[in-house]
Amino acid sequence: MRALSTGVAAIAVLGLTAGCGIGSGTGPDGAAEAGSAGAGGRAGEGKDERQAVKVLTGNQLRHVELGAQEVPGFLVEKASPGTAGGGLPDTDREPCRPLVVALGSQPQPEPVASVVDTFARATRDQGFDGLMGTIRVSRYDDDGARTTLRELRGAAEECADGFRMTTGEGQPQEFEAVRVLPAPALGDEAVAYGLVNAAEEAPSLVTVVRTGDTLSMFFVTNLADPDRVEIPGSLVAAQVAKVEGLERAERPPTAPPGRPGAEPWSAEGGEAGEDEDEGEE
């Protein structure tokens, strides 16, 4: 897993105040790969056919993290502290603020718990093809998840002509356009969009899926071939499936998982020790 650490370090804060955008000619195929509801990012809007199980702790939410090689063709690992940067990004264009806040490390409204992982697509010999990203899964109280997704959808539509922002570290960035993309037909509703930054060669896509009171957010770029950037459908589907599994669990685990990728929401759920996976390479 050291190779993945090196690869992820190369992009530092991918999609989270990293100054990346989607260039013209990059298609939204990846955003729809897991099953698209068409343009506009309104897949499954307002569906809510399940009764959500309250998951209120970080230990419980850790059970939805993907294992290191759980999704074929990808390597996943826990994000390092500070992956999403520090401070709160800002903008002078108020309608675009939800998009700016989503790029930082302090979501608003604040979730009750979050887990952040990084991923990279690997070839057969474990080499990387340039596609890398961040997954942030956050659990909200009240209508926090609905509100966040609704505001992101509205901002993506309102800010089609772009916006200027300052990262939490005080670095100025300018996005010349925001493009609403087809969203995956997963969860209760979803939104997908791309950020166009002419100053950067590496494009960026963002997909957000709401499952009950939980948001799964995916930030992706492709450093090697910007024209091949995509939200990987198999990864999105696998992550959302794990969130749904925990949502539907009759006995949600209360202890942290013993290893990444475990699904202990059975009778013995959550019995593993917290640090058993720390030494894995």
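Residues numbered from 1 in each chain as written. Predicted model: local features only at pLDDT ≥ 70, side-chain atom pairs only at ≥ 80, totals over all residues. Heavy atoms only, no water.

**Q** So, the packing of aromatic side chains: which residues are in play, and what are the values?
**A** Across all of its chains, the model carries two aromatic pairs by this definition. Measuring from ring centre to ring centre gives 6.2 Å for F74 and F119, while their planes differ by 70°; the resulting arrangement is edge-to-face. Highlighted residues: F74 in strand 1 (residues 74-78) and F119 in strand 2 (residues 113-122), separated in sequence by 45 residues. According to the relative accessible area criterion, F119 is buried, its value standing at 0%. Taken together, a centroid distance of 5.1 Å and an interplanar angle of 35° make the contact between F163 and F175 tilted. Residue F163 is found in strand 4 (residues 163-166), and its partner F175 is found in strand 5 (residues 172-175); the two are separated by twelve residues along the sequence. Residues F163 and F175 agree in their burial class; the two are buried. (Phe/Tyr/Trp six-rings, centres within 6.5 Å; stacked < 30°, edge-to-face > 60°. Helix = DSSP H or I, 4+ residues; strand = E, 2+ residues; numbered from the N terminus. Buried < 20%, exposed > 50% of the residue type's maximum accessible area, 1.4 Å probe, protein only.)

**Q** I'd like a rundown of the sheet that holds strand 9 (residues 214-222), residues and numbers included.
**A** Taken in spatial order, the seven strands of this open sheet run 1-2-3-9-8-7-6, and their pairing is antiparallel. At either end of the open sheet lies a strand with only one pairing partner, and these are strand 1 and strand 6 (177-181). Shown here is a sheet whose adjacent strand axes are inclined to one another by a mean of 20°, direction ignored. Here strand 2 pairs with strand 3 (residues 128-139) via nine bridges, running antiparallel. Bridge pairing links A120 to M132 in strand 3. The sheet strands contacting helix 5 (residues 144-158) are strand 6, strand 7 (189-196), strand 8 (204-211) and strand 9, and the helix crosses strand 7 at an angle near 40°. Seen against the sheet, helix 6 (residues 233-247) touches strand 1, strand 2, strand 3, strand 8 and strand 9 and runs at an angle of roughly 165° to strand 9. (Pairing = 2+ DSSP bridges. Axes fitted to C-alpha atoms, helices over the stretch in contact; angles between N-to-C directions. Contact = heavy atoms within 4.5 Å.)

**Q** Tell me about the pattern of salt bridges, and name the residues and values.
**A** Side-chain pairs of opposite charge can arise where the charged atoms are in close proximity. Taken as a whole and judged by the stated rule, the model has twelve salt bridges. For the salt bridge of R97 with D90, the shortest nitrogen-to-oxygen distance reads 2.8 Å. Since its relative accessible area comes to 23%, R97 is described here as partly exposed. Look at D90 and you get partly exposed, because its relative accessible area is 40%. (Salt bridge = Lys/Arg side-chain N within 4 Å of Asp/Glu carboxyl O.)

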